[in-house]
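Here are the chains, one letter per residue:
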2 protein chains.
Amino acid sequence: MAPKRVDREARREEILSAAVRVFARRGFAATRIEDVAAEAGIAKGSVYLSFGSRDELLAAAFARLAERSADVLAHASAQGAPAVERLASLVRAAVAVLADEPDLTRVMVDLWAAGRHGGAAAPLDMASVYREYRGAVADLLRRAADEGDLRPGVGEPEATVVVGAIEGCLVQWLMDPGVRLDGLAGTVVEVCLSGLRAEGGPTGP
Amino acid sequence: MAPKRVDREARREEILSAAVRVFARRGFAATRIEDVAAEAGIAKGSVYLSFGSRDELLAAAFARLAERSADVLAHASAQGAPAVERLASLVRAAVAVLADEPDLTRVMVDLWAAGRHGGAAAPLDMASVYREYRGAVADLLRRAADEGDLRPGVGEPEATVVVGAIEGCLVQWLMDPGVRLDGLAGTVVEVCLSGLRAEGGPTGP
DNA sequence: TTATTATGACTGACCAGTCAGTCATTTAAG
DNA sequence: CTTAAATGACTGACTGGTCAGTCATAATAA
């Protein structure tokens, strides 16, 4: 009845995206393995051919997030443009990732929960992801200050606020989908970067 | 064996704060009614004398949060000072609440999860809490613009970013307690408000 | 080409552990 | 003694994970 298997890796991918879809809908806590199996159109037992446990499914979702995040960061460290501009596109890229993968984004809240207390397994190392983000942003802020585009003295705290502005908009979108996430990227750039402009510099875009 | 208890309301409060403490430690999903009872120093069954269900405990935690939130908002609408200043103290007060009740703050992530999909019960109306916050901030932004302290045209999107900056810093603190939450209030004010200063106005403190 | 065997992806009934919620009984205040 | 709070053993439902068996396909033999 069931056609013989597909590529092992492809099947893993199918199950993972089914899982992400269901997690986004029902939340991780309320999602049974059977729900994931149903979404993927396979039997419950088959899920265990690709994933060792329910928690491993969430860990895989985290891995996917970390991957996207690494892409954004890697792209941002490409040289060439002034640091302020690279910073602006980093922010826009980060928001674009969220907007492009709404389901994965909706799972974020479960990822945060697992980051704080790791279910049965070891907690996800969410802290590192944010530390890297902050590090990259802080680095660009400092460079931009060196280049005279931002005021001197900017550093970690300002980076935390910039990263925070993105995550915080995400939270509000999660609670109220009426919030337009994509359009907010520009506002974040505008508010945060013009707030850090070098003294006497332009205050508007 | 057990001293007879009279004050129903005080007992409810004891249980709730015990619950918040355990939720903060283990997370809501991993917390059993028995854990809450143990933390409160009573028997499992006694919890049900004050709360109808496990979900009601989380709902009560949400109510407490909403209460704190309402306090902050109420205090912010007190007249007298220029809108920019009231805005700054609103931000500081919001952060202060988070810093003053770390356990309740740590439960936030479970509250967000319950806000999106309501477990067994109806989802918590988290959206309204944020809408009110945004509304209050947007209002103060507009007033401040009218008073000439901020540039004209500020509104909802900017309010979302300001509220987001706070929530986002909170997220980072949750994932990495090394982030100093209290000190960040000032940075949020500084970055966001100076970013919205009227053209030609001062850019630094 | 056709028959036979080997493979392993797939299935779903099953089990064992967990836990929310109940309630008969106990304790003690008034 | 009466009444209400407090208890914790108990129940019933639920679900993560297992595994013996199925069967489509691939491999090999004839």
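Computed from a predicted structure; not experimentally measured. (Residues numbered from 1 in each chain as written. Chains lettered and ligands numbered in written order. Predicted model: local features only at pLDDT ≥ 70, side-chain atom pairs only at ≥ 80, totals over all residues. Heavy atoms only, no water.)

Chemist: Help me understand the state of the cysteines in this model?
Modeler: Such a bond, covalent and formed between the sulfur atoms of two cysteines, is termed a disulfide. A complete count under the given rule lists zero disulfides over all chains for this structure. In this model cysteine 192 of chain A remains outside any disulfide bridge; the closest cysteine sulfur is found in cysteine 192 of chain B, 5.4 Å from its own. For cysteine 192 of chain A, a relative accessible area of 1% gives the class buried. (Disulfide = S-S within 2.5 Å. Buried < 20%, exposed > 50% of the residue type's maximum accessible area, 1.4 Å probe, protein only.)

Chemist: Mind showing me how you'd approach the UniProt feature "domain: HTH tetR-type" (unreviewed entry) in chain A here?
Modeler: Under the local residue numbering, the UniProt record ascribes the feature "domain: HTH tetR-type" (unreviewed entry) to residues 9-69 of chain A. Secondary structure over residues 9-69 of chain A splits into 80% helix and 0% strand, and the C-alpha atoms at its two ends are 22 Å apart. (UniProt positions renumbered as here; feature names shortened; annotations may be inferred. Helix = DSSP H or I, 4+ residues; strand = E, 2+ residues; numbered from the N terminus.)

Chemist: Sorry if this is basic, but what is going on with the pattern of salt bridges here?
Modeler: Pairs can form between side chains of opposite charge whenever their charged atoms are close. Enumeration according to the criterion identifies 29 salt bridges over all chains in this entry. Notably, a salt bridge pairs glutamate 13 of chain A with arginine 64 of chain A, separated by 1.9 Å at the nearest N-O pair. One end of the pair, glutamate 13 of chain A, is in helix H1 (residues 8-26); the other, arginine 64 of chain A, is in helix H4 (residues 54-76), and 51 residues separate them in sequence. The class of glutamate 13 of chain A is partly exposed, set by a relative accessible area of 36%. We classify arginine 64 of chain A as buried; its relative accessible area is 13%. Linking glutamate 156 of chain B and arginine 134 of chain B is a salt bridge whose minimum nitrogen-to-oxygen distance equals 4.0 Å. Of this pair, glutamate 156 of chain B sits in helix H8 (residues 156-175) while arginine 134 of chain B is found in helix H7 (residues 126-146), placing the two residues 22 residues apart along the sequence. You can call arginine 134 of chain B buried: its relative accessible area is 5%. (Salt bridge = Lys/Arg side-chain N within 4 Å of Asp/Glu carboxyl O.)

Chemist: Quick question: what am I supposed to make of the side chain of threonine 31 of chain A here?
Modeler: As for its placement among the helices and strands, threonine 31 of chain A is situated in the loop between H1 and helix H2 (33-40). Ignoring sequence-local partners within four residues, the contact set of threonine 31 of chain A consists of Val22, Phe23, Arg26, Val36 and Arg54 of chain A. (Contact = heavy atoms within 4.5 Å.)

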